Every structure is written in structure tokens, then in C-alpha cells.
Amino acid sequence: EKGGYDHFMLKEIYEQPNAISDTYRGRIRVAEGIIKMAGIDDNLAKLLNAKRIIVIACGTSWHAGLVAEYIFEELVRIPVEVEYASEFRYRNPVIHQDDVVIAISQSGETADTMAAIKLAKERGAFVFGVCNVVGSSISRETHAGAYTHAGPEIGVASTKAFTTQITVLSLIALKLAERKGTISNSDFHYYLQELERIPEKVKDALESNDHIKLIADTYKNARNFLYLGRGYNFPVALEGALKLKEISYIHAEGYPAAEMKHGPIALIDEQMPVVVIATKKGHYEKVVSNIQEIKSRKGKIIGIVTEGDETVKRLADHVIEIPETIEFLTPLLTTIPLQLLSYHIAVMLGKNVDQPRNLAKSVTVE
Ligand code: M6R
């Protein structure tokens, strides 16, 4: 059942190339430049006329929502707010008829997300679901939706659900951007081609597994970790930290790299491993100067870099390379080494990777 892997989590990490292509297969025709998604096509006017998009979700799905915020605002030019379902539902949120709510949930059973959907519906918003589990409560409660087609995710730590959520949300953004004319036709075609190349590049990223294992061994006894990223990779930093916390029980924090100087920099000393996402596209120079700040305080730097990088390699204690892609798709690649790093650390510490203490796969309590 684990397909020869020691844990479901590892199997699911390795399933990502296929899970991502399963998510877009049948929905895109790259040569013709077509994206077909019933839930979008049937509600196109509503979505194109949205004055605002509110994303509601919890945990890893909330992180996927944050990535989507960057993608939608860049490509579709619609303002996006990303809300924890549990916060949204317990205040008195301002919701308008022309707001579109996107609810993201792997399980489709998360109680807080469900309650937030009901509230948004009562207030007249159009609610679109992005779920993995077909026929789940949330997929039935929403007005329309798109499934992620990641296949069953058993490990409590969400992996392939995250990357396929980003894939679906990218497809939606691309479709709306093309219809709205907020991206050029040539960019639209180019982006679709790049999306189709992601599964191969995820395979490449997985090749670093042995190298990541060595890094895991070096830092497995650290008490704290920091994860830093900017732009599209800021949510990836949050996600990397969450993965480490939930399965290894090591305290970790994700931060936007530039926020470090507003507080967390005080934590940095020779005991502190700092994972920095420093890909070529996406504020590279700025991230390099953040790395210098960490280095001068003797923090240990693990850089996630684009293949062939020289600058970060000189500064960092370790680098993990990923292939190059267009900026908004980088989270699909930068996430991979962070998943593997937390996996190996947890295994080395003897933790129950697939069923960490105190956690359930779907959180059906409020
Ligand atoms: O099924 P959902 O996507 O609604 O679940 C939301 C969170 O409970 C979930 O992502 C949780 O944070 C994971 N264990 C993270 O790995």
C-alpha cells in the first residue's frame, strides 16, 4: 500500500510529478492555448466580474491560498484577501454580492472552513471550492468548484495536496487572465508550456534527496529553525516551517525574508539553521543581502537555489538546487526540498511521520 516507500508521506512526496500532471491533464491543450474547466467555464461572468476574491482555508491549504493571492493579483489584477477560516467565521466579515470566495480544502471536511463557507453563502457571495476528496462535504456545499485530482493523501502532513492546489489555482488564474486580457496572448501560451514542464522539473528536484538527507542529519538536533522567502516563496517558507513542526516537533518559524530585521534577527546565532529560498527569479539580490545579514550573525544557511547559482553557493553552508521556471510557478519546485528535509529529520528523530501526535488528517472539530 505504501508502494515500497517507508511512509505514506514519502510516497506522496514522490507522487507529485504525476499528481500535478493528473491535475492539469484533460484541462489544458497547450498547442491550441485552451484551458477547459467546467466549474470555471460555467461561471465565467461571475468570476470575471468579481471585485474581490476572498480565499478561506486552514493550515497548508491556507498557504496555497497565499500563493494564489500573489498569482491572482499579478495575473488577473483582482484584489485578493486570504483568511484563516476560523478567523473569518467568528468576526462579522464584510462580504459583498460581487465577492467571490474560494474555499480550499484537501479533505473537504474541515469544520472551520465549512462554517466559513456557510457564512459567505448566507451573505450572498459566490463560493468556489478547491477540494481533493471527491464528493466531500465542502465540495457539495460550494456553488461550483474544481478538484485537485491528487489522489488519496494519507500522511497527515500535506504534500501533494499543496502542490496540486497551487496547480489548480494557477490554471484558474491563467484562464481568467486570458479572458480578462490582463496577460498577453504570447505570455499565456508561454505560461501554459512552462506549467506542462513542471512535473519533469519536480522529478529533477526530487533527485536531491540523498543530499537533503545529509543536511537533515547535520541539523536534526537543532531546537529551532527559521524559514525565509519573499514574494511567491514567502508562503513556501511558512509551509516549510509547518511541515517541520508537525512531524519532527522542532520549533520552526516562517517569515518574509525582509521582516527578519524587524525582530527575528535577534534569534540568530551559530545554533540557528535558516532555510532561505533564494531562487534566481524573485527578488534575488534582496534575498542575497538577507543571507549576508544571517551570515554575519553566524547563522547556518541552507539555501534553496536555482541550478547553476554561484553567489548563494559562496555564502551558504549548504545549497539545494532546483530547476529554473517562471516566477509564479517556483513554489511548485521550492516546496519539494522543504518537504524532504522535514521528512528526513522526523525519521531520524524516530517520530511517527504519517501520524504525528495530537494531529488528525481532517480536523472536523471547531
Ligand atoms: O483538509 P484541509 O485542507 O481542509 O486541511 C487543512 C489543515 O488541517 C491541513 O492542511 C493541516 O494543516 C495539515 N496537517 C498540514 O500538513
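Bear in mind the structure is a predicted one, so any value in this text is a computation, not a measurement.

**Describing helix α13 (residues 284-296)**
Moving on, step 1. Relative to the 18 Å expected for 13 residues at 1.5 Å per residue, α13 spans 19 Å between its end C-alpha atoms, a close match to the ideal helical length.
Moving on, step 2. Turning to α13, its buried residues are Y284, V287, V288, N290, I291 and I294. Buried residues of α13, seen end-on, are gathered within an arc of 160° and therefore sit on one face of the element. Away from its buried face, by an angle of more than 90 degrees, α13 presents the exposed residues E285 and S296.
Moving on, step 3. The elements touched by buried residues of α13 are β8 (224-229), β10 (273-278), β11 (300-306) and α14 (311-315).
Moving on, step 4. One or two positions beyond α13, positive phi appears at K298, with a value near 70°.

**A short note on the pairing of strand β3 (residues 52-57)**
Moving on, step 1. Among the six residues in β3, six count as buried, and that is most of the element.
Moving on, step 2. Burial along β3 is two-sided: R52, I54 and I56 facing one way and I53, V55 and A57 facing the other are all buried.
Moving on, step 3. As judged from the five bridges shared by β3 and strand β5 (residues 99-105), these two strands associate in the parallel manner. Its bridge partner lying in β5, V55 is registered against I102.
Moving on, step 4. In terms of strand pairing, β3 meets strand β4 (residues 80-84) through five bridges, oriented parallel. Bridge pairing in β4 places A57 opposite Y84.

**A word on the packing of aromatic side chains**
Moving on, step 1. This model, assessed by the stated rule, comprises six aromatic pairs.
Moving on, step 2. Between Y5 and Y14, the ring centres sit 5.5 Å apart and the planes meet at 25°, which makes this aromatic pair stacked.
Moving on, step 3. Given a relative accessible area of 30%, Y5 falls into the partly exposed group.
Moving on, step 4. Where Y190 meets Y191, the ring centres are 6.1 Å apart and the plane angle is 45°; that geometry is what we call tilted.
Moving on, step 5. Taking the relative accessible area as the measure of exposure, Y190 reaches 38% and is therefore partly exposed.
Moving on, step 6. With relative accessibility at 16%, the residue Y191 sits in the buried group.
Moving on, step 7. Here a set of aromatic residues connected by ring pairs shows up, and it is made of Y190, Y191 and F328.
Moving on, step 8. Here the basic side chain of K280 rests over the ring of Y284, its NZ or CZ set 5.3 Å away from the ring centre.

**Structural notes on the sheet that holds β5**
Moving on, step 1. With respect to topology, five strands assemble into an open sheet ordered β4-β3-β5-β6-β7, the strand pairing being parallel. Edge strands, defined here as strands with exactly one partner in the open sheet, are β4 and β7 (144-147). Sheet twist, expressed as the average angle between the axes of neighbouring strands with direction ignored, equals 20°.
Moving on, step 2. Sheet topology note: the β5/strand β6 (residues 126-131) ladder contains six bridges and is parallel. Bridge assignment links V100 to a residue of β6, and that residue is F126.
Moving on, step 3. Packing of helix α5 (residues 59-75) onto the sheet brings it into contact with β3, β4 and β5, and relative to β4 it is tilted by some 175°.

**Quick look at the packing of α5 against helix α9 (residues 160-180)**
Moving on, step 1. One can describe the packing of α5 onto α9 by two numbers: an axis separation of 9 Å at closest approach and a directional angle of 20°. It follows that α5 is roughly parallel to α9 by the angle criterion. Remark: the crossing between α5 and α9 carries right-handed chirality. Across from T60, S61, H63, A64, V67, A68, I71, F72 and L75 in α5, the residues of α9 making contact are F162, Q165, I166, L169, S170, I172, A173, L174, L176 and A177.
Moving on, step 2. A per-class count over the contact of α5 with α9 returns 14 nonpolar, five polar and no charged.

**Comments concerning the packing of helix α10 (residues 185-206) against helix α15 (residues 330-348)**
Moving on, step 1. Between α10 and α15, the shortest axis-to-axis distance is 9 Å and the interhelical angle comes to 25°. On the basis of their axis angle, the class for α10 and α15 is roughly parallel. Note on packing geometry: the crossing formed by α10 with α15 is right-handed. Residues L195, I198, K201, V202, A205 and L206 of α10 pack against L332, L333, I336 and L340 of α15.

**Focus on the sheet that holds β10**
Moving on, step 1. Sheet architecture is open: five strands sit in the order β9-β8-β10-β11-β12, paired in parallel fashion. Edge strands, defined here as strands with exactly one partner in the open sheet, are β9 (251-256) and β12 (318-322). With direction set aside, neighbouring strand axes in the sheet form an average angle of 20°.
Moving on, step 2. Along the sheet, helix α12 (residues 234-248) makes contact with β8, β9 and β10, crossing β9 at roughly 175°.

Cut-offs used in this document
Every chain begins its residue count from 1, and numbering advances along the sequence as written. In view of the model being predicted, local features appear only for residues whose pLDDT reaches at least 70, and side-chain atom pairs are presented and counted only at 80 or more, with totals across whole chains, interfaces and linings using the full set of residues. Hydrogens and water are ignored here; the side-chain numbers use all heavy atoms of the structure. Here a strand is any run of E in DSSP of at least two residues, a helix any run of H or I of at least four, and the numbering for each starts at the N terminus. By this rule the span expected of a helix is its residue count minus one, scaled by 1.5 Å. Each residue is assigned to one of three classes by its accessible area relative to the maximum for its type, calculated with a 1.4 Å probe on protein chains only: buried under 20%, partly exposed between the two thresholds, exposed over 50%. Think of the arc as the fan of directions from the helix axis to the C-beta atoms. Working rule for contacts: check all heavy atoms of both residues, and any pair within 4.5 Å makes them a contact. By the convention used here, strands pair only if DSSP detects at least 2 bridges between them. Here a pair means two rings of Phe, Tyr or Trp (six-membered ring of Trp) with centres within 6.5 Å. Their orientation is stacked below 30 degrees between planes, edge-to-face above 60, and tilted elsewhere. Two conditions define a charge located above a ring, namely a distance within 6 Å from the ring centre to NZ of Lys or CZ of Arg, and an angle within 35 degrees of the ring normal. A fitted line through C-alpha atoms represents every axis, and for helices the fit uses only the stretch in contact; the resulting angles, taken between N-to-C directions, go from 0 to 180 degrees. By definition in this entry, angles of less than 35 degrees are roughly parallel, angles greater than 145 are roughly antiparallel, angles of 65 to 115 are roughly perpendicular, and the rest are oblique. Each crossing is labelled by how the near helix is turned from the far one, with a counterclockwise turn of less than a right angle marking it left-handed and a clockwise turn marking it right-handed. Each residue gets one of three labels, nonpolar for Ala, Val, Leu, Ile, Met, Phe, Trp, Tyr, Cys and Pro, charged for Asp, Glu, Lys and Arg, and polar for the others, Gly among them.

Honestly, it's all geometry; don't read function into it.
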